[in-house]
Amino acid sequence: MHRADKTPRNLCLALVVLLAAGIIMPNWLTFLATVSIAKGMVVVGLIVLMRTGLVSFGQGLYYCLGGYTVGIAGNYLGITDVVGILFLSVVVAGIVGAILGLLLCRYREIFFAMLTMAFSMILYGVLVKSDNLGSTDGFNVAHVSLFGWVPSSDGVSIVIYSLACMIAFLTAFFIHRYFQSGMGFAGDSIRENEIRVEYLGISPRRVIFYKYVLAAVVAAVGGSITALVAGHVDPEMAYWTTSGEFVFVALLGGTGHVAAAFIGAFLFELIRTVAFDLSPYTWQMILGITLLMVILFLPKGLWSLITAQRTGRG
Amino acid sequence: MTNIILETRGLSKSFGAVTAAADINITINEEEIVGVIGSNGAGKTTFINMVTGYLTPSEGTILFRGKDITGLSPMQVTRTGICRSFQVAQLFPELTTLENMLVAHSMLSKKRLGWQRPLKSQVNIDAAMGALEGYGIDNYADAQVTTLPQGVRKLLDIAMAMVGSPALLLLDEPTSGVAIEEKFALMDTVMEAVNRSGAANFFVEHDMEIVSRYATRVIAFYDGRVIADGPTAEALANPEVKEFIVGTELHRQQSESGEHAEN
């Protein structure tokens, strides 16, 4: 009656293919793929929230926190080990997410969306006014190491790419399992009927709180990866348009599967790169038309094409 | 000796100048089947909403197994052992019947919402299918809730409430919106499940035939107050109940059935 779950196997295959591809990919594509994976991580968190019926326009807050944690850890705290830095990002985002989550879990719909954006813009405002952190220009992050080994300047991008692939694999695997669990379905249930959830003895606020913290943590990891591969952080990471990009990617890919976040992120980066190359002054229009087409013809995102094919409706 | 499971003392609810429920003093015993009657706006649903935490009483106390539960949230009330169904079935429309039941199992289980194990494990599916079978709706397991007939939705709503093995089940108009020919079959199924579980049952109903057949005791509400409370036949024969609630229709039906019996 219920088909076997092929996602873990497919994720393993994707990891192998991506790691192998990293060897032959040109630098520009490696950079593009790493940034896509990083943004896909943020979108995974956003999907966790969207499946609960909440749209955050403020995931840039954690994306930026993750990025600045990398910069501050390397430049001011002397922590250059990638794993240590990522762990620090998770801790920082977890603490901030837990504090803000206590307030945000009380709000729904547009109020939730606007509050998340407000918090993100507060961070943006603070960073813009902070001369020590480079103000609007941001600052370059220190050269990183991996368990004591310092990769060369040329090799660092492939190291970060490989690490990003493995982190994305673990995140996708964990979040996929999470979506299949009782806690995962609790999100769908809250989106569908919050009153019923309460009458099944569960606090929707508590569930939303956990999901918000989870979304914060994965967004911060995404921000850290971006900072590591770009070698630079600036306040734009917390700006509302950055958060809007994540929502765009979530709509493009769809919320039906964890892989949709990464596919959507890669396509988004690809479309943007090509659009900018074709039309440097009107590339936003091409992105806008793409989003319009997706909303009109694939309201559940690109992943709905795969779902339709599986159920024989495609 | 019967044990009181629910007791309300001076329970009242006002919305501004409007009093929806006034000075309601009720006791319900363990395993008792209580039918609640009253015209629209009599205060029946307000009473259920206060007991289950959806509304906070303006005055009064609610005791469940001797413990004060006044003002608790729906979640807390559910955890004490009181479950309810709704006049309009409260389900998860985009999920299937089976998924609805799986979610109910997951949320009402002792472990509550684990994230390590899949919700659709074979063990969980077997348990959920068993529960659906108990209500005769296992044939609809893979159907999305939006496609279900009204009677099946009602049964699923009640089946989900019963997952937690409540000590008290409050049903708000279980047969409303259900076709006449399906009403008794639905109530038979529900009552069988309730009897199996040993839960006390407090059900609001407009259909006097259903009340007469299934309730052992009737509480009649009128204008936010309890105007009769007693064994079914006695309560339905109460002059005030006849005048304000049952009306001439049931009286006529009862007379007719009496005549048939005499003949």
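Predicted, not measured: the structure shown is a model, and the values here were computed from it. (Residues numbered from 1 in each chain as written. Chains lettered and ligands numbered in written order. Predicted model: local features only at pLDDT ≥ 70, side-chain atom pairs only at ≥ 80, totals over all residues.)

## As for unusual backbone geometry
Part 1: A positive phi is found at Glu109 of chain A, a non-glycine position, where the angle reads about 50°.
Part 2: Positive phi, close to 50°, is recorded for Asp23 of chain B, a residue that is not glycine.
Part 3: Relative to the elements of secondary structure, Asp23 of chain B occurs in strand E2 (residues 18–29). (Helix = DSSP H or I, 4+ residues; strand = E, 2+ residues; numbered from the N terminus.)

## With respect to the sheet that holds strand E6 (residues 82–84) of chain B
All names here are of chain B.
Part 1: Strand order in this open sheet of six strands is E6-E7-E8-E3-E9-E10, and the pairing throughout is mixed. Strands at the two margins of the open sheet, each flanked by one partner only, are E6 and strand E10 (225–231). Averaged over all adjacent pairs, the angle separating strand axes in this sheet is 15°, with direction ignored. (Pairing = 2+ DSSP bridges. Axes fitted to C-alpha atoms, helices over the stretch in contact; angles between N-to-C directions.)

## With respect to the pairing of E10 of chain B
All names here are of chain B.
Part 1: The sheet contact formed by strand E9 (residues 217–222) and E10 spans six bridges and is antiparallel. The residue bridging Ile219 from the neighbouring strand is Asp229, located in E10.
Part 2: Hairpin remark: E9 followed by E10, antiparallel, with two residues in the connecting loop; positive phi at Asp223, about 55°.

## Observations regarding the sheet that holds strand E4 (residues 59–64) of chain B
Residues and elements named next belong to chain B.
Part 1: If you trace the four strands from one edge of the open sheet to the other, you get E2-E1-E4-E5, paired in antiparallel fashion. If you trace the sheet from one side to the other, it starts and ends with E2 and strand E5 (67–68), each paired once.
Part 2: In the sheet, strand E1 (residues 4–15) pairs with E2 via eight bridges, with the strands oriented antiparallel. The partner of Leu11 across the bridge, within E2, is Ile24.
Part 3: Packed onto the sheet, helix H1 (residues 44–51) meets E1, E2 and E4 and runs at close to 65° relative to E2. (Contact = placed C-beta atoms within 7 Å.)

## Some words on the environment of Leu65 of chain A
All names here are of chain A.
Part 1: Along the chain, the position of Leu65 falls in helix H3 (residues 60–75).
Part 2: The class for Leu65 is buried, based on 25 C-beta atoms found within 10 Å.
Part 3: Sequence-wise, Leu65 and Arg177 are 112 residues apart; in three dimensions their C-alpha atoms are separated by 26 Å.
Part 4: In contact with Leu65, not counting residues within four places along its chain, are Val92, Ala93, Val96, Ala220 and Gly223. (Buried ≥ 20, exposed ≤ 12 C-beta atoms within 10 Å, placed from the backbone.)

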